[in-house]
Amino acid sequence: MTAQLTKIRGIKPDAIICWGTNPGPAVIAKNAKQLGLKIPLYMSHGVSSKKFIELAGDAAEGIRLPSGKVLVADVLPASDPQKKALMAFVKDYQNHYKAEGDHFGGHAWDAVMLLKGAFENGADTPAAIRDQLEKTKQFHGIGGTFTYSSQDHAGLGKEAFVLVEVKDKDWVIVK
Amino acid sequence: MQFDQLLQYLLSGLSTGAIYALIGIGFSIIYNATGIINFAQGEFVMLGGMVTLLFLETGKLPLWAAIPCAVAVSTASGMLFERLAIRPLRQPTPINLVIITIGGSILIRGLAMLLWGKDTHAIPPFSGEEPLAVGGATILPQHLWILGVTLLIIAANKYYFYHTISGKAMRACAYNRRAAGLVGIDVRRMVLFSFIISSAMGSVAGIIVAPLTMTAYDVGIMLGLKGFCAAIIGGMSSGGATVVGGLVLGILESLGAGLISSGYKDAIAFIILLLLLFIRPQGLFGKAQSERV
């Protein structure tokens, strides 16, 4: 990707946003370091797993990205409503798969748990399942705290995300 | 546009081009010995990187030991491929053989996916990641490794084909298989040799590029096609013309991505490939009906 980054360097931007999933962003991180780019490099939640830090190595240092809170579950304040769910998920994931849990597995976990809730409330047809899901309020999942309605099928607000930065091969929260 | 920008495009293009050249020569060597295009060539490139990783992480070997082991394993799989898939064929028409190599490449890719999963992996660079300044451009020590290793392999290749008996025998097969057989050259052995050399070269290409571009079970497809393109530009020669083909391709891609749009980076290679196949199937430098060695 040095050719693209050289072109970008030529027009002197204030920052670079790289939106993608591995391995592309890891290559870009390495190439940016090779070219000596000093401007901030922002990436997407598509690389918010330890795999990215492992692939990009030292070049990952200082890169910032928005991410779900699961990456930084252990350093969240105890007052965070998601804290309990996140800590349990990270621990169970580690015990079961012997790997670090990230939000990729977390999304599937949320989906299954939301469905479980709908079933337990007696939904048994597609329309009934939908109606039950739309009644979900304040579900503290891994991807965020979900509150659905018939208008809102995304269910998340801005507070579901934190801005993280790679520091010493780990994630820290940017305040 | 500034000069240092242009220099950066050229240097980036050269190192990618060197990889294409190595893979392209692998295509040509097999083509010259057997008359077929081995579409499994890219898979040996993938095997080089992935097997190195296996020795590094599972075998706990240091890098300098893991690399020769990986080349040996990839070369052995190239030999096996020739023995099990190419040689037993009762009607070795080119179309049958080419289809078999495509089947073989899908099989190797599938096995690699089952064995190593779909994740991308990184191999540590051979000597650090400190960028080196060249003029106004920067390169990594790994780029020097790529250029150096490529030069070395091309020189060794040249020596083999022009100064050893078995190399000359292989060239004889390329000129005329039947006549080579009549003067006592074991053509089937030469075919096996050609697979050994190409899979070894392919795997080396896969290893030296892995620290820069990462590796995964499916990197062989694209690298293989680019190598094929280099070989076509070079008119399927196993010498200088294919090297030039690879370098030209690498530089054009890099300039195209930098000056036009990165969306066309891969398209550039394939447009060149199609144009050449339509207009100059003998290669950019070859005369029609030239001898391909």
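Because the structure is a prediction, the values reported are computed rather than measured.

> Describe the overall build of chain A, and please don't skip the residues or the numbers.
Per the secondary structure count, chain A includes six helices and seven strands. Reading the helices (α) and strands (β) of chain A from amino to carboxyl end gives α-β-α-β-α-β-α-α-α-β-β-β-β. Along the first, second and third principal axes, the C-alpha set of chain A runs to 60 × 35 × 30 Å. A burial count over chain A gives 43% of its 175 residues as buried. Expressed as a percentage of contacts within chain A between residues at least 6 apart in sequence, the contacts between residues at least 24 apart total 56%. Carbon and sulfur atoms form 59% of the exposed surface of chain A, whose accessible area is close to 9,400 Å². One way to put it: in chain A the 22 positive side-chain charges average out to a point 6 Å from where the 19 negative ones average out.

> For the interface of chain B and chain A, give the residues involved together with the corresponding values.
Contacts between the two partners involve 27 residues from chain B, matched on the other side by 16 residues from chain A. Interface area for chain B against chain A, summed over the two sides, is near 1,800 Å², with a carbon-plus-sulfur share of 50%. On the chain B side of the contact with chain A, Thr120, Glu129 and Met214 of chain B bury the most area, a combined 26% of that side's loss. At the boundary of chain B and chain A, one finds zero salt bridges.

> Summarise the nonpolar core; cite the residues concerned and give the values.
If you look at the biggest cluster of nonpolar residues, it comprises 79 residues, and the most contacted ones within it are Ile19 and Met170 of chain B. It is helix H8 (residues 187-213) of chain B that contributes the most residues to this core, 14 residues altogether. Listed in part, the 28 residues of the second largest apolar core include Ile16, Cys18, Ala56 and Val166 of chain A.

> Describe the domain arrangement of chain A, with residues and values.
A common way to express how large an interface is: the accessible area buried when the components associate. Residue and element names in this part refer to chain A. Domain parsing of chain A yields domain 1 (2-61) and domain 2 (74-158). Look at where the C-alpha atoms of domain 1 and domain 2 centre, and you get two points 31 Å apart. In this assembly, five residues from domain 1 lie in contact with four residues from domain 2. Summed over both sides, the interface of domain 1 with domain 2 buries roughly 340 Å², with 53% coming from carbon and sulfur. Among the residues of domain 1 in contact with domain 2, Ser48, Ser49 and Lys50 are the three that bury the most area, contributing 72% of the side total. Put simply, domain 1 and domain 2 have one salt bridge between them. Between Lys50 and Glu100 there is a salt bridge; the shortest N-O distance is 3.2 Å. Tallied by class, the residues present in the side of domain 1 that touches domain 2 amount to no nonpolar, four polar and one charged.

> Report on the environment of Gln34 of chain A, specifying residues and quantitative values.
Within the fold, Gln34 of chain A resides in helix H2 (residues 24-35). It is 32 Å that separates the C-alpha atoms of Gln34 of chain A and Ala73 of chain A, two residues lying 39 residues apart in sequence. Discounting residues that sit within four places of it in the chain, Gln34 of chain A has contacts with Thr2 of chain A together with Gln8, Pro131, Thr138, Ile139, Leu140 and His143 of chain B.

> With reference to specific residues and values, describe H2 of chain A.
Since the α-helix packs 3.6 residues into each turn, any two residues three or four apart lie on the same face. Residue and element names in this part refer to chain A. Its twelve residues place the ends of H2 16 Å apart at the C-alpha level, agreeing with the 16 Å of an ideal helix rising 1.5 Å per residue. Counting buried positions along H2 yields ten of twelve residues, so the element is predominantly enclosed. Among all positions of H2, only Pro25, Ala26, Val27, Ile28, Ala29, Lys30, Asn31, Ala32, Gln34 and Leu35 are buried. After H2 finishes, the residue Gly36 shows a positive phi value of roughly 70°.

> Lay out empty space enclosed by the protein in plain terms, naming residues and giving numbers.
Inspection of the entire model under this criterion finds two cavities of 30 Å³ or more. For the largest cavity, the calculated volume is near 120 Å³. Lining the largest cavity, in full, are Lys30, Asn31, Lys33 and Gln34 of chain A together with Pro125, Gly128, Glu129, Leu140, Gln142, Pro211 and Leu212 of chain B. When residues of the lining of the largest cavity are traced back to their parent elements, those giving at least two are H2 of chain A together with H8 of chain B. The dominant element in the lining of the largest cavity, judged by the number of residues it contributes, is H2 of chain A, at four residues. Residue classes in the lining of the largest cavity are distributed as four nonpolar, four polar and three charged.

Reading the values: rules and limits
Residues numbered from 1 in each chain as written. Chains lettered and ligands numbered in written order. Predicted model: local features only at pLDDT ≥ 70, side-chain atom pairs only at ≥ 80, totals over all residues. Heavy atoms only, no water. Helix = DSSP H or I, 4+ residues; strand = E, 2+ residues; numbered from the N terminus. Buried < 20%, exposed > 50% of the residue type's maximum accessible area, 1.4 Å probe, protein only. Contact = heavy atoms within 4.5 Å. Areas by Shrake-Rupley, 256 points an atom, 1.4 Å probe, with all protein chains shown as cover. Lys, Arg positive; Asp, Glu negative; His and termini not counted. Charge placed at Lys NZ, Arg CZ, Asp CG, Glu CD. Buried area = accessible area lost by both parts, 1.4 Å probe. Salt bridge = Lys/Arg side-chain N within 4 Å of Asp/Glu carboxyl O. Core = buried A, V, L, I, M, F, W, Y, C linked by side-chain atoms within 4.5 Å. Domains from an automatic or database assignment. Nonpolar A, V, L, I, M, F, W, Y, C, P; charged D, E, K, R; others polar. Expected span 1.5 Å × (residues − 1). 1 Å grid on protein atoms, 1.4 Å probe; cavity = no way out; pocket = protein on both sides within 12 Å on 5 of 7 lines; lining within 4 Å. Points joined across faces, edges and corners; volume = space filled by probe spheres on them.

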